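# A look at the structure
Listed below, chain by chain, are the residues.
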Amino acid sequence: MVVPTRGLPTRVRIHEVGARDGLQNEKTVVPTEIKAEFIHRLADAGLTTVEATSFVHPKWVPQLADAEGLFPLLGDLQGVHLPVLVPNERGLDRALALGAHRVGVFASATESFARANLNRTVDEALAMFAPVVARAREQGVHVRGYLSMCFGDPWEGAVPISKVVRVCRALLDMGCDELSLGDTIGVATPGHVSAMLAALNAVQVPTERIGVHFHDTYGQALTNTLAALQHGVTTVDASAGGLGGCPYAKSATGNLATEDLVWMLHGLGIDTGVDLVRLSATSAWMADQLGRPSPSRTVRALTARSHEEQTVSPQTAAPQEQ
């Protein structure tokens, strides 16, 4: 039942991260052909932004070592943005050689995670990204700046909002087109989200250039998303089936499941362009490929309902009251 609420956006763009952020956290390597089919199925479900892969060194993320083999298999997708992550200029070279039109760089709000993820300080990482962003923009490539540990850090604890604001402002100043605020270990709460967005606006970071990326460690991802929507955010990261986590922060559990997000948005009358039934079937299919059930509550509920509808015939169904 659709019941709109005043003060919310009429449309939300979902930035699907399951094929990259989700699969990079798998213990086993998913075959390239399965990844390609996964992305095609996501696109068929109506997702128009599907993060495809990451051009990092295979030593660090072996699950995505097939980036050069995967990207050409996606060339037939029309009207679908396929952003990729690039850690440095070498990664950018690899992405540009394959015709990537959207790239992302990934910074940290905390020194501990910058060391763990990039083996650099926060400022050293920003200095590394500056020429990457500049070169990408010269080529007409859209650049997204990811910022991890915006709401809490497993080593440092609570993260001052001022630290996040400083790095966000630096990423925009170097030329990033949009930002993704990452609640990497899933500790954010709605008031924290609202305060963060207000602080960013105060230093002229426009809401329309902000996306949010919540993990569901404490079951707060949807609540935090709603707080962001109330502030005017219209870009939300999510992962089909709730796949993902973070290989460098073991306390990070799965991402916000795209199906759970779509269920909420559609119930609020917010357009996404996504076919929830197709999306749920895609996530159930990928869960089968991975050999485990999907963590998404919506996927489990829709799958169970579909199974019941297929197994209950008119002859076996209970009589209805008149």
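Everything in this summary refers to the structure shown in the same document. In this text, all values refer to a predicted model and were calculated from it rather than measured experimentally.

Turning our attention to the pairing of strand S6 (residues 178-183). Burial analysis of S6 places six of its six residues in the buried class, the great majority of the element. The two faces of S6 match: Glu178, Ser180 and Gly182 on one face and Leu179, Leu181 and Asp183 on the other face are all buried. Two strands pair when backbone bridges link them, and strand S5 (residues 142-148) and S6 are joined in this way by four bridges, in the parallel orientation. When the sheet's bridge partners are listed, tyrosine 146 is paired in S6 with serine 180. Regarding the hand of the β-α-β motif, the stretch spanning S5, helix H7 (residues 161-173) and S6 is right-handed. By the bridge criterion, five bridges tie S6 to strand S7 (residues 210-214) in an arrangement that is parallel. Bridging from a neighbouring strand, serine 180 pairs with glycine 211 of S7.

On to the nonpolar core, then. Counting residues in each nonpolar core, the largest one holds 98 residues, and the members touching the most others are Phe38, Ile39, Leu82, Val84, Val103 and Leu171. At eight residues, helix H6 (residues 122-138) tops the list of elements feeding residues into this core. Not counting chain neighbours up to four residues away, the residues in contact with phenylalanine 38 comprise Gly18, Ala19, Leu23, Ala240, Leu243, Thr282, Trp285 and Met286.

Of note, the phi angle at asparagine 119 is positive, near 55 degrees, even though the residue is not glycine. One can find asparagine 119 in the loop between helix H5 (111-118) and H6. By relative accessible area, which is 60% here, asparagine 119 ends up exposed. Of note in this structure, glutamine 204 is not a glycine but carries a positive phi near 65 degrees. Within the secondary structure, glutamine 204 is located in the loop between helix H8 (190-202) and S7.

Read from one edge to the other, the open sheet built from eight strands follows the order S1-S8-S7-S6-S5-S4-S3-S2, with strand pairing classed as parallel. Looking at the sheet topology across the chains shown, the edges are occupied by strand S1 (13-16) and strand S2 (53-54). The sheet strands contacting helix H10 (residues 258-267) are S1 and strand S8 (235-238), and the helix crosses S1 at an angle near 175 degrees.

The next thing to look at is the state of the cysteines. Inspection of every chain in the model, using the stated rule, returns zero disulfides. Of all cysteine sulfurs, the one in cysteine 150 lies closest to cysteine 168, which takes part in no disulfide; the gap is 5.6 Å. Free cysteine: cysteine 176, not disulfide-bonded; nearest cysteine sulfur from cysteine 168 at 9.8 Å. Judged by its relative accessible area of 0%, cysteine 176 is buried.

Moving on to H7. Taking 1.5 Å per residue as the helical rise, H7 with its 13 residues ought to reach 18 Å, and the 18 Å between its terminal C-alpha atoms agrees with that figure. Of the residues making up H7, those classed as buried are Val164, Val165, Val167, Cys168, Leu171 and Leu172. Those residues of H7 that are buried lie in contact with strand S4 (102-108), H6, S5, S6 and H8. Note on H7: the residue one or two positions beyond its end, glycine 175, has a positive phi of about 120 degrees.

Let us now look at the layout of surface pockets. What the second largest pocket holds in volume is close to 330 Å³. Asp216, Gly242, Gly254, Asn255 and Pro295 are the residues nearest the centre of the second largest pocket, which is lined by 23 residues in total. When contributions to the lining of the second largest pocket are tallied by element, the ones reaching two or more residues are helix H9 (221-231) and helix H12 (297-311). Partitioned by chemical class, the residues of the lining of the second largest pocket number six nonpolar, 11 polar and six charged.

Thresholds applied
Residues numbered from 1 in each chain as written. Predicted model: local features only at pLDDT ≥ 70, side-chain atom pairs only at ≥ 80, totals over all residues. Heavy atoms only, no water. Buried < 20%, exposed > 50% of the residue type's maximum accessible area, 1.4 Å probe, protein only. Helix = DSSP H or I, 4+ residues; strand = E, 2+ residues; numbered from the N terminus. Pairing = 2+ DSSP bridges. Right-handed = clockwise from strand over helix to strand, strands pointing away. Core = buried A, V, L, I, M, F, W, Y, C linked by side-chain atoms within 4.5 Å. Contact = heavy atoms within 4.5 Å. Axes fitted to C-alpha atoms, helices over the stretch in contact; angles between N-to-C directions. Disulfide = S-S within 2.5 Å. Expected span 1.5 Å × (residues − 1). 1 Å grid on protein atoms, 1.4 Å probe; cavity = no way out; pocket = protein on both sides within 12 Å on 5 of 7 lines; lining within 4 Å. Points joined across faces, edges and corners; volume = space filled by probe spheres on them. Nonpolar A, V, L, I, M, F, W, Y, C, P; charged D, E, K, R; others polar.

These figures come from the coordinates and say nothing about function on their own.
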